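# Observations on chain architecture
Each chain, letter by letter, is given below.
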Amino acid sequence: MRSIWTGAISFGLVVIPVKLYAATEQRDITFRQVHRADGARIQFRRVCTLDGEEVPYSDIAKGYELPTGDMVVLTDEDLAELPLVTAHRIEVLHFAPSTQVEPILAAKSYYLEPEQTGTRAYVLFRDALEESGKVAVAKVALRQREALAALRVRDGVITLETLLWPDEIRKPDFAFLDEDIEVRSQELKMASSLIETMTEDFEPDQYHDTYRQALEAVVQAKVEGNDVVRPAGFEAPEPKSPPADLTEILRASVAALKNDRAPADSTAKPTAKPAAKPAASAKPAASAKTPARTSAKPSTRTRAKAAAAKDEDAGAQPKTTPRRRASA
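The notes below deal with the structure included here. Everything quoted here is computed from the prediction, not taken from an experiment.

Of the pockets and cavities examined, the second largest pocket occupies roughly 930 Å³. Around the second largest pocket, the lining comprises 24 residues; the ones closest to its centre are V34, G39, D227, V228 and V229. Class assignment for the residues of the lining of the second largest pocket results in 14 nonpolar, three polar and seven charged.

A word on the sheet that holds strand 7 (residues 134–142). Read around the barrel, seven strands follow the order 1-2-6-9-8-7-5 and close on themselves; strand pairing throughout is mixed. For this sheet, the mean angle separating the axes of adjacent strands, direction not counted, is 40 degrees. Two strands pair when backbone bridges link them, and strand 8 (residues 145–154) and strand 9 (residues 157–163) are joined in this way by seven bridges, in the antiparallel orientation. When the sheet's bridge partners are listed, L151 is paired in strand 9 with L160.

This brings us to the environment of D127. Within the secondary structure, D127 is located in helix 2 (residues 119–132). For D127, a relative accessible area of 35% translates into the label partly exposed.

Before going further, it helps to examine the nonpolar core. I9, V18, I90, L112, F125, L151 and L160 are the most contacted members of the largest nonpolar core, which has 20 residues in total. Elements that contribute at least two residues to this core include exactly strand 1 (5–11), strand 2 (14–22), strand 5 (90–97), strand 6 (106–114), helix 2, strand 7, strand 8 and strand 9. The element best represented in this core is strand 7, accounting for four residues. Non-local contacts of V18, meaning those with residues more than four positions away in its chain, are made with W5, T6, G7, A8, I9, I90, L112, E113, P114, E115 and Y122. Counting eight residues, the second largest nonpolar core, distinct from the first, contains V101, L105, L148 and L163.

About the thresholds
Residues numbered from 1 in each chain as written. Predicted model: local features only at pLDDT ≥ 70, side-chain atom pairs only at ≥ 80, totals over all residues. Heavy atoms only, no water. 1 Å grid on protein atoms, 1.4 Å probe; cavity = no way out; pocket = protein on both sides within 12 Å on 5 of 7 lines; lining within 4 Å. Points joined across faces, edges and corners; volume = space filled by probe spheres on them. Nonpolar A, V, L, I, M, F, W, Y, C, P; charged D, E, K, R; others polar. Pairing = 2+ DSSP bridges. Helix = DSSP H or I, 4+ residues; strand = E, 2+ residues; numbered from the N terminus. Axes fitted to C-alpha atoms, helices over the stretch in contact; angles between N-to-C directions. Buried < 20%, exposed > 50% of the residue type's maximum accessible area, 1.4 Å probe, protein only. Core = buried A, V, L, I, M, F, W, Y, C linked by side-chain atoms within 4.5 Å. Contact = heavy atoms within 4.5 Å.

Written out as structure tokens, the structure reads:
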């Protein structure tokens, strides 16, 4: 995982440096809007309603529309001057029973990892928070917006849940709440008995997104049946090869190095022994006509023939070093 924020938990006089990680992710199949006739993608452009021209991102600002239709345009400088007291700090305000932080308030969950220098303080705060059975109510600034938050412990890690502000929770305004609906005690008892019968531990791992799995199967079946559309003018990107195994990379490197050295080694071999080192025994000098050296020692007749052939060649080439004739 990659951290998206660094800061510190401010717990009284204790400061615990931490990193923030997204704790959840949406695993859904994403679709593109396409033209049904040819499968071409549909483009969405940022067009100014006044002149009809396309507007680049660099020219787009935030605007607050008044009831009169007038627009208040805010610049980056305006937003930068706004005070964010909790910037890069998770300020613990107080502690509360976990049942009082209702699930409807939860917006998004994050993991908090301690920096190396704050590990001991992190563990101390985690253990004390878990033992208390309470949650820490805090404030934090993420993406230039201050949010209410709750700190809990899950699987040995402190989690941060951003919470909605109270005025962001809609009040349930439904007509049946004002109606006088009678529920008989026998019905209530039977409903409670049914609930008790169906009660069991919640194990998230036994549940799966069957709709997504079925949708993936439909897409895969169309791919295998070649039921796909290639829009005109679309060039498919180069397929990405899987990461190569390190052993194979090293083996290929050795083979390439041997191939590069092979021609050089064959041309670098001298055709004759250096003159500075005369042979210790009466062996014929190497030449193009001399047969390849073998492990067996050549006979006397073979050496004599080789020497005669060498003398014949020497008559056509200038001698650069004195040669010793092999004895017959």
